[in-house]
Amino acid sequence: MHMHSDLVTHSTTPITVYLIDNTLQQTDLPTICKLFSLINYVSGLIVRMLNLNQAPSTASSLSSTENEEEIYKILIMDSFCRSILSPLIRVNDLRKHGVTLYLPIEKPRQPVPGVPAVYFIRATPENIDLVAKDAAAPLYDSFHLNFSSSLPRPLLDRLAAQTVQTDSAARISKLYDQYLEFISLEESLFSLGQADTYLQLNDPKAGDQEIEAMIEKIVSGIFCVLATLGVVPVIRCARGGPAEMVASALDTRLRDHLISKPNLFTESGGLATSFQRPVLCIFDRNFELSVGIQHDWSYRPLVHDILGLKLNRVNMPPGNATKSYELDDSDSFWAANSWSPFPKVAEEIELQLKAYKQDVDEVNRRTGGQGGVEFEGTDLIGNTKHLMNAVNSLPELTERKNVIDKNTNIATVLLGQIKERSLDGFCDCESDMLAKGSVDKSVLLSLLKGKGTKEDKLRLAITYLLSFESPVPSELEMIEAALKESEVDISAYQYVKRIKSLNASFASSSSVASRSNIVDWAEKLYGQSISAVTAGVKNLLSAGRQLALTRTVDTLMEAKPGTEVDSYLLFDPRAPRAGSGAQFRGPFRDAIVFMIGGGNYVEYRSLMELAESSQPAKHVVYGTTEILNGKEFVDQLAALGKKMGFGAAATVNPGQ
């Protein structure tokens, strides 16, 4: 006997709901968000989920006040779904929605009778077994199951069989497909949270099944984003490599889904009826390697590079009074200055601290306090009007001081690392190489032998490789000697050098025969098709300040004929197959840019600048399999180099 025979399946936008009680329930997406404010869409869905998938009676923001009839509940999550919620919701927000306790599904838990439990978990066999075990115990009064993507029928049957066997099916109140298997970090930034994607897709030992599983995982994540936004985009990508594989599989997934009516993209929900369809531009990290490796001088990339910004939070080094800080748009200083060059950030901190002290002195003066004394509630004297004004200004002044202290502490750590590692020198040298195509050999050599970490020197050397189409052999020997002298593991350097050599050979070969020989060589060397390692050959080098990615996205959005993107593939899931019928080619006002193999804040900033500077304004959402700083990306390159046998013989200390 299978419980699933008693279930009623109902598809709505953008959530599919499985109901035990044979009662259909409408769960339309709350219309609370402006165009492409992805984080607001996700926040609205999470609020609904926390309220047992009913619209809260007050506002639909995460910080809304208590509902008229409060239902207290427990929230159970797996580690990935905790990552989804972490940038969006704080403990106080959970309490405002009746969540009194939140617990990991992986750890043992005590029964809490008479209380409903909201589960937010991935659809995995392990999680299904844990839910069935909890229901059989029983740990809670009722179970409201929310899956981060969609629950496959085999897993639904698995849950049904286990709960029927233990006579606990009645405790499963409702099951929901939330299509939220991605991490929304900002209005226009998301990550799939899929670690080591570049390494896995470029692993010479990876088999077809492993590659196909990775592609399917990426497609599933992008599908969740599109379902949340309620849009079916036109898809563009370069030929060959992971980008085409993802684009083709996503096109098939969307076509198959659109056959059913209603579906997640029914025109009553999302953006379909109000705005033009967006273009989804899919790229592979090999399209432009340098931007994932280079040092950057802006506040946010520096924080990411030095302190490891994860899920909008940084962990401070030992010895700091505060262990971690949240960095998001709720911090007015961060929102206004995170893209500024570091020296300007330091100046702005000084200006804001000076303005704060002046305001404190003014409050003290008006209320009879001592000039220059730190603002204290007990110091307030004077007439009633000034007293009330001072009291009212206390929260605002306190918040300003907290923001200044936080960013002062962060900037102090950054400054220490900048001086200790000569990061300004690395930034300047790499910028000159990438933008101007020139390098001062003495400066380059001094940096390679100077104060930077081994990772800093390795990133500089790789940036040199990527900045020049035909590096001078004597300069390469000089760089490699300096790396050996500093005992740097050059696995990543050798890997990029070999890939670059292969690309150059492929690009320069004119005859079919010579190209065929290179293909054979590549397959023997890498165990994969040449297209996987030569995608985006022409864009491997950054030319000028604007990133190759940004230039290409701009061209794809403009959709003018006779450009460098004419050869890009086009997939339109709403158009008939085999090219019959019209395919919409643009121009586009809205774009979703997705980078396979790891994105970064430098690319994100460049795309946001494109959107803001365009006339009329464009809207761009940037997503990636994971957000990496330079060290994290180079670590994946090094792992690939080791798999190909590089590094060990040339490195004095292989353990570094």
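Residue indices begin from 1 for each chain and proceed along its sequence in written order. Side-chain atom pairs in this predicted model are given and counted only at pLDDT of 80 or more, local residue features only at pLDDT of at least 70, and totals for whole chains, interfaces and linings cover all residues. Side-chain descriptors were evaluated using all non-hydrogen atoms of the structure, hydrogens and water having been removed beforehand.

Asks: Where do I start with the environment of serine 220 in this structure?
Replies: Comment: elements are numbered from the N terminus, with helices defined as DSSP H or I runs of at least four residues and strands as E runs of at least two. Note that serine 220 resides in helix H7 (residues 208–229). Through-space distance from the C-alpha of serine 220 to that of glutamate 181 is 8.1 Å; in sequence the pair is 39 residues apart.

Asks: Would you mind showing me how to read the packing of helix H1 (residues 38–50) against H7 here?
Replies: Working note: a packed helix pair is described by the angle between its axes plus the distance between those axes. What counts as an axis is a line fitted to C-alpha atoms, over the stretch in contact for a helix, and the angles between N-to-C directions run from 0 to 180 degrees. Contact pair H1 / H7: the axes reach a minimum separation of 10 Å and the direction vectors enclose 85°. Between H1 and H7, the crossing angle belongs to the class labelled roughly perpendicular. Only Val225, Thr228 and Leu229 of H7 make contact with H1, whose side of the interface consists of Leu38, Tyr41, Val42 and Leu45. Partitioning the contact of H1 with H7 into residue classes produces six nonpolar, one polar and no charged. When describing relative orientation, an angle under 35 degrees is termed roughly parallel and one over 145 degrees roughly antiparallel, while 65 to 115 degrees is termed roughly perpendicular and anything else oblique. Residue contacts are defined here by distance: any two heavy atoms, one from each residue, within 4.5 Å place the two residues in contact. Each residue receives one of three labels: charged for Asp, Glu, Lys and Arg, nonpolar for Ala, Val, Leu, Ile, Met, Phe, Trp, Tyr, Cys and Pro, and polar for the others, Gly being one of them.

Asks: Is there a simple way to think about the pairing of strand E7 (residues 172–177) in this case?
Replies: Every other side chain in a regular strand lies on the same face of the sheet, so the side chains alternate between the two faces. When accessible area is computed with a 1.4 Å probe and restricted to protein chains, residues below 20% of their type maximum are described as buried, those above 50% as exposed, and intermediate ones as partly exposed. The element E7 is extensively covered by neighbouring structure, given that five of its six residues are classed as buried. Relative to E7, strand E6 (residues 142–147) is paired through five bridges, and the arrangement is parallel. Its bridge partner being in E7, phenylalanine 143 is matched across the sheet by isoleucine 172. Handedness of a crossover is defined as follows: with both strands directed away from the viewer, a clockwise route from the first strand across the helix to the second makes it right-handed. As for the winding sense of the linkage, the β-α-β connection from E6 through helix H5 (residues 153–165) to E7 is right-handed. Any two strands are treated as partners once DSSP identifies two or more bridges connecting them.

Asks: What should I look at first to understand helix H16 (residues 473–485) in this one?
Replies: Residues separated by three or four positions in an α-helix point in the same direction, a consequence of the helix having 3.6 residues per turn. A helix is expected to reach a length of 1.5 Å times the quantity of its residues less one. Helix length check: H16 (13 residues) gives 18 Å between terminal C-alpha atoms against 18 Å at 1.5 Å per residue, within 8%. Among the residues of H16, those classed as buried are Glu475, Leu476, Ile479, Glu480, Ala482 and Leu483. One side of H16 carries all its buried residues, which in axial view fall inside an arc of 160°. Among the exposed residues of H16, those oriented more than 90 degrees off its buried face are Pro473, Glu477 and Glu485. Read the arc as the range of directions from the helix axis to the C-beta atoms.

Asks: Just to check I follow, could you spell out the side chain of aspartate 456 for this structure?
Replies: For aspartate 456, the location among the structural elements is in helix H15 (residues 454–467). Taking relative accessible area as the criterion, aspartate 456 reaches 0% and is therefore assigned buried. Reaching out from aspartate 456, the side chain makes a polar contact with the side chain of histidine 295 at a distance of 2.8 Å. We define a polar contact as two N or O atoms separated by no more than 3.5 Å, with the added condition that, inside protein, one atom must be a possible hydrogen donor and the other a possible acceptor, whereas residues neighbouring each other in sequence contribute only through side-chain atom pairs. There is a polar contact of 3.0 Å between the side chain of aspartate 456 and the side chain of threonine 453.

Asks: What's the story with the packing of helix H9 (residues 299–307) against helix H21 (residues 601–613) in this structure? I'm lost.
Replies: Put simply, H9 and H21 touch, their axes get as near as 9 Å, and they point 165° apart. When the interaxial angle is binned, H9 and H21 end up roughly antiparallel. Crossing angle aside, the handedness with which H9 passes H21 is right-handed. In contact with Arg300, Pro301 and His304 of H9, H21 contributes Tyr601, Val602 and Tyr604. Residues belonging to the contact of H9 with H21 are distributed by class as follows: four nonpolar, one polar and one charged. The crossing is said to be left-handed when, going from far helix to near helix, the turn is anticlockwise and less than a right angle, and right-handed when the turn is clockwise.

Asks: Help me understand unusual backbone geometry, please; the structure alone is not making it clear to me.
Replies: A negative phi holds for most residues other than glycine; trans holds for most peptide bonds. Cis geometry marks the peptide bond from alanine 137 to proline 138; its omega dihedral reads -20°. Between glutamine 615 and proline 616 the backbone carries a cis peptide bond, its omega angle lying at -5°. Its place among the elements puts proline 616 in the loop between H21 and strand E16 (619–624). A positive phi angle, near 50°, is found at leucine 311, a position not held by glycine. Relative to the assigned elements, leucine 311 resides in the loop between H9 and strand E12 (313–315). Residues other than glycine seldom take positive phi values, yet glutamate 487 does so here, at roughly 60°. By the element assignment, glutamate 487 lies in the loop between H16 and helix H17 (491–508).

Asks: Explanation requested: the nonpolar core in the structure shown.
Replies: Considering soluble globular proteins, one finds that nonpolar side chains tend to be buried as a cluster. Here, nonpolar core means buried Ala, Val, Leu, Ile, Met, Phe, Trp, Tyr and Cys residues that are tied together by side-chain atoms lying within 4.5 Å of each other. Counting 112 residues, the largest nonpolar core has Phe283, Val303 and Ile410 as the members making the most contacts within it. With 12 residues, H7 is the single largest residue contributor to this core. Listed in part, the 37 residues of the second largest apolar core include Leu289, Leu460, Ile479 and Phe633.

Asks: Would you mind showing me how to read empty space enclosed by the protein here?
Replies: Which parts of space are left empty comes out when a probe the size of a water molecule is rolled across the atoms. Within this scheme a cavity is a closed region of a 1 Å grid, computed over the protein atoms alone, that accommodates a 1.4 Å probe without allowing it to escape, whereas a pocket is open but has protein on both sides within 12 Å along at least five of seven lines; lining residues each have an atom within 4 Å of a point. Grid points are joined across faces, edges and corners, and a volume is the space filled by probe spheres set on the points. All told, the structure shown has two cavities of 30 Å³ or more when counted by the stated rule. Volume-wise, the largest cavity comes out at about 140 Å³. For the largest cavity, the lining is made up of 16 residues, of which Gln294, Pro301, Val602, Asn629 and Gly630 are closest to its centre. Contributing elements (two or more residues each) for the lining of the largest cavity: H9 and H21.

Asks: Help me understand the packing of aromatic side chains in this model?
Replies: Within a pair of aromatic rings, the relevant descriptors are the distance that separates the centres and the angle that separates the planes. The criterion for an aromatic pair is that two Phe, Tyr or Trp rings (for Trp, the six-membered ring) have centres within 6.5 Å, with stacked assigned to planes under 30 degrees apart, edge-to-face to planes over 60 apart and tilted to the rest. On inspection of all chains with the given rule, the structure shows 16 aromatic pairs. Ring geometry for tyrosine 464 versus phenylalanine 468: centroids 5.0 Å apart, planes at 50°, classification tilted. By relative accessible area, which is 0% here, tyrosine 464 ends up buried. What makes phenylalanine 468 buried here is its relative accessible area of 15%. If you follow arginine 253 out to its NZ or CZ, it ends over the ring of phenylalanine 223, 4.3 Å from the centre. Charges are assigned to positions over rings by a cutoff of 6 Å between ring centre and Lys NZ or Arg CZ, combined with an angular limit of 35 degrees from the ring normal.

Asks: Sorry, what's going on with the side chain of glutamate 626 here?
Replies: Structurally, the position occupied by glutamate 626 is in the loop between E16 and helix H22 (630–643). The charged-residue count follows a simple rule in which Lys and Arg add positive charge and Asp and Glu add negative charge, with His and chain termini not counted at all. Here, a salt bridge means any Lys or Arg side-chain nitrogen found within 4 Å of an Asp or Glu carboxyl oxygen. With no salt bridge to any partner, buried glutamate 626 finds its closest opposite charge in lysine 310, at an N-O distance of 6.0 Å. Those residues within four positions of glutamate 626 in sequence are excluded, and the remaining contacts are Ser191, Gln194, Ala195, Asp196, Thr197, Gly598, Gly599 and Gln636.

Asks: Looking at this structure, I do not really get the sheet that holds strand E14 (residues 569–571). What am I missing?
Replies: Strands pair in a sheet through their backbones, by hydrogen bonds, and they do so in one of two ways: parallel or antiparallel. Pairing in this open sheet of seven strands is mixed, and the strands run E8-E9-E16-E15-E11-E10-E14 from one edge to the other. This sheet does not close on itself; its edge strands, each paired only once, are strand E8 (183–186) and E14. For this sheet, the mean inter-axis angle between neighbouring strands, taken without regard to orientation, is 20°. Sheet strands in contact with helix H20 (residues 548–558) are strand E10 (234–237), strand E11 (279–284), strand E15 (590–596) and E16, and its direction is about 150° off that of E11.

Asks: Would you take a moment to explain the pattern of salt bridges for this structure?
Replies: A side chain with one charge may pair with a side chain of the opposite charge, provided their charged atoms come close. Overall, the coordinates contain 30 salt bridges when judged by the stated rule. Its salt-bridge partner being lysine 310, residue glutamate 632 comes within 3.0 Å of it at the nearest N-O pair. Of this pair, glutamate 632 sits in helix H22 while lysine 310 sits in the loop between H9 and E12; the two residues are 322 residues apart in sequence, bridging distant segments of the chain. Taking relative accessible area as the criterion, glutamate 632 reaches 23% and is therefore assigned partly exposed. Under the relative-accessibility criterion, lysine 310 is labelled partly exposed at 41%. For lysine 631, the salt bridge identified is with aspartate 635, shortest N-O distance 3.1 Å. Of this pair, lysine 631 and aspartate 635 both sit in helix H22, four residues apart, which is roughly one turn of that helix. A relative accessible area of 37% means that lysine 631 is categorised as partly exposed.

Note that all results are geometric; they support no functional claim without further evidence.
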